[in-house]
Each structure stands twice: as structure tokens, then as C-alpha cells.
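Residues per chain are reported as follows:
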Amino acid sequence: MVDCNICFCTYKEEECYTLPNCLHKFCKACLTEQLKTKIESQQIDLSDFKCPQCGRLFNPEIIENFLPPNLFQKYCDFALQFNKIMGLEDHELLTNCLNEKCIEKFIIWKDAEYMQCPSCKMKFCRKCSLKYHKDEGITCEQQKELHKDSFYIEMKKNLQICKCPKCNNMCEKISGCNFMYCRCKANFCFLCDAELTEEYHFKHWQNDDPFKSPCRVWYNGTWVDPDKVPKVEPIKEVKIVQVIPMEEKENKIPCPNCGNKSKAVSQLVFFDKVIQCQSVKCQNQAFCISCQKKVLVQDIISHFNQQSLECKFK
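Residues numbered from 1 in each chain as written. Predicted model: local features only at pLDDT ≥ 70, side-chain atom pairs only at ≥ 80, totals over all residues. Heavy atoms only, no water.

An unreviewed UniProt entry lists the chain under the name RBR-type E3 ubiquitin transferase, from Paramecium primaurelia. Here the chain is described in UniProt, under the heading Subcellular location (unreviewed entry), as follows: "Membrane". The record held by UniProt for the chain lists under Catalytic activity (unreviewed entry) the comment "[E2 ubiquitin-conjugating enzyme]-S-ubiquitinyl-L-cysteine + [acceptor protein]-L-lysine = [E2 ubiquitin-conjugating enzyme]-L-cysteine + [acceptor protein]-N(6)-ubiquitinyl-L-lysine." (UniProt positions renumbered as here; feature names shortened; annotations may be inferred.)

Novice: Looking at this structure, how should I read the sheet that holds strand β18 (residues 285-288)?
Specialist: Hydrogen bonding along the main chain pairs the strands of a sheet, whether they run parallel or antiparallel. Here we have four strands laid out as an open sheet, ordered β16-β17-β18-β19, and antiparallel in their pairing. Only two strands of the sheet have a single partner each, and these edge strands are β16 (266-269) and β19 (294-295). As defined by bridge partners, strand β17 (residues 274-277) adjoins β18 across four bridges and the pair is classed as antiparallel. When the sheet's bridge partners are listed, V274 is paired in β18 with C288. (Pairing = 2+ DSSP bridges. Helix = DSSP H or I, 4+ residues; strand = E, 2+ residues; numbered from the N terminus.)

Novice: Sorry if this is basic, but what is going on with the sheet that holds strand β13 (residues 195-196) here?
Specialist: With antiparallel pairing, three strands are arranged side by side in an open sheet as β11-β12-β13. The open sheet has two free edges, formed respectively by β11 (179-181) and β13, since each of these has just one partner strand. One ladder, built from two bridges, connects strand β12 (residues 187-189) with β13; its direction is antiparallel. When the bridges of β13 are listed, F188 appears paired with E195.

Novice: Which parts of the structure should I look at to understand the pattern of salt bridges?
Specialist: Where charged atoms from two side chains of opposite charge come close, those side chains can pair. The final tally for this structure, using the stated rule, is four salt bridges. E13 is the salt-bridge partner of K25, the closest N and O atoms lying 3.1 Å from each other. Taken together, the residues K25 in strand β4 (residues 25-27) and E13 in the loop between β2 (10-11) and β3 (16-18) connect sequence positions twelve residues apart. Two residues, K74 and E40, come together in a salt bridge whose shortest N-O distance is 3.0 Å. Of this pair, K74 sits in helix α2 (residues 69-81) while E40 sits in helix α1 (residues 28-40), and the two are 34 residues apart along the sequence. Take K74: its relative accessible area is 30%, and that puts it in the partly exposed class. Residue classification places E40 among the partly exposed residues on the basis of a relative accessible area of 42%. When salt bridges that share partners are traced, they join D208, R216 and D225 into one network. (Salt bridge = Lys/Arg side-chain N within 4 Å of Asp/Glu carboxyl O. Buried < 20%, exposed > 50% of the residue type's maximum accessible area, 1.4 Å probe, protein only.)

If you want it as C-alpha cells, here you go:
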């Protein structure tokens with residue numbers, strides 16, 4: 001007869017199971033109930049599978065002996081969803097492709113500098129989770145700024161909105177020319193965001209046409225056509241040693257969902273109003289910093305007021 005150290009009852013030998021790593025014995029009913037509770041609460045990390053008596057880890061492969069097929073399938077689905085599959089080496093990591101149009105999962109080296117999806121072939125930086133940029137000589141911080149700039153240009157093009165250079169409020173162009181009026185009384189160009197005065201209502205644009213013509217450039221105290229600016233003689237090549245400042249390893253604002261602050265895992269996007277997190281818990285989801293609610297990565301703008309970019313749910 002065997003005493004179960006979970007329910008403290010006595011059972012026949014065939015009604016119990018011996019854990020292979022520590023040789024402690026428990027009744028199969030207790031082990032089944034404990035494993036069922038862990039899976040139902042999504043505790044599927046390898047560190048969650050411990051001996052109830054000594055706490056020693058055991059191989060989760062043995063749980064198939066205690067669970068019905070539907071519950072074991074649920075465990076396998078959770079393990080794949082949270083990238084906690086069995087059989088990985090210590091230096092290996094299962095990850096998701098960061099391309100929003102791709103759903104591929106693949107194994108990478110934990111200390112890899114970048115990862116490349118075998119399906120869509122896109123390469124991403126492991127530090128900032130953006131398009132790989134080291135080949136172009138760009139730091140992670142510079143890449144983040146470029147990402148913000150491209151997002152703003154895309155938003156201006158699709159939504160006809162722009163940011164006032166004086167108060168940073170978002171303004172919508174409903175109709176008319178490219179000379180914008182903001183409620184803070186500032187005037188600026190819709191195309192280049194340069195702050196203007198009434199004096200330059202026409203002079204800022206080529207052909208004095210603020211409706212369809214491109215912008216002029218500021219040169220010697222006035223706006224002139226780009227071809228009127230003298231060409232600058234190239235400077236002789238001088239070798240410059242660039243000192244790249246060490247990047248901060250943590251964001252100032254933690255992820256609202258999991259609390260992670262590591263820049264290698266989470267990044268601030270959409271004018272630092274949203275945090276996109278790659279942690280095991282968040283799985284590349286985005287969260288509003290103001291209201292801490294989940295937002296769609298593909299449609300972040302709908303969560304905010306299009307005039308002020310303030311959270312609608314704050």
C-alpha cells in the first residue's frame with residue numbers, strides 16, 4: 001500500500017504514480033486534479049510542473065498519462081500559443097514573426113542579434129523589435145524615431161490630419177488650401193508643418209499657390225524655390241569617430257498588462273501613448289498607457305480622439 005502525500009489517503013500500488021525524477025508517489029486522482037487546475041488557469045510554464053512534495057521539476061511529457069485527450073490537447077494549444085513547447089535546448093527560444101501579416105512561429109538562438117522569419121523572410125532586431133537596421137548603421141533609438149516619422153506621414157496621408165508645431169495638437173484638413181489655422185492661434189503649412197505667419201500665406205509655396213504647389217525653402221530670411229538655393233560645395237572627407245551613447249535598457253513606463261519595462265521586450269509607439277509588448281503574457285499585443293485597455297495593433301488610431309489624440313476611454 002502507498003500513502004499519497006496530497007490527500008493523505010492509502011492506495012494500492014497500481015492506483016498511484018511514481019514521479020521519475022524524485023521517486024515520490026501520489027495517487028493518480030490527485031495528480032490528475034492538480035494538473036487539470038494548472039492547465040485551466042493557463043499555468044503551462046515548464047517551471048509550473050513540480051513535485052508536490054519536494055518541488056523538484058519533472059518532464060511535462062508525463063502529464064499525458066493523467067489527462068483526457070481533450071484536456072491534453074488544450075495544454076498543447078496553450079503551450080504553442082505562449083511559446084512554451086517541450087524539447088527546446090537551453091539556448092533555444094520559440095518566437096513569433098513580428099510581421100503583422102505573418103503568423104509563423106520558429107525557433108531562434110536566445111542571444112541572437114536578429115531573427116529572420118523562414119516564411120515571409122523579414123528580418124527584425126531582437127533589441128527594439130523593429131526592422132533589422134544594423135546593416136544600415138542605425139541605432140535602435142534612431143530606428144524608433146524613423147518608425148514614428150513614417151507612421152506620422154502615413155497617418156497624415158490617409159486621415160488628412162497634421163500636428164501643430166506650436167502646441168502639438170492634431171488638426172484636420174477638411175478643405176481649402178495648405179495654410180492651416182490652429183485653435184492656439186498658430187498658422188502652419190499642412191505639407192511640411194513649418195510654422196508660418198499671415199505674411200507667408202502665399203509666399204511659402206512655389207508659384208504662390210497654397211493649393212497644389214510644393215513648399216519653398218527658407219534661405220537668407222525668405223522663402224525661395226529650391227532651385228534658387230546655391231549648391232553647397234562638398235566637404236573634404238574627414239574621418240570622424242562616432243561615439244554612440246549607451247542605450248537605456250528599460251522604458252520609463254511599464255507595460256500595463258504584464259508590467260515589463262525591458263526595451264528588448266516592449267516598445268512605446270504612437271507618440272508614446274501605446275506600448276506594444278512581446279512578453280510571454282502579452283504576445284505582441286498593444287495596450288493604451290492612459291486607460292490600460294488592449295488596442296488593436298492594426299488600428300491604433302481608432303482608440304484615440306483624432307483631433308487631440310487623447311484616449312477616448314480615459
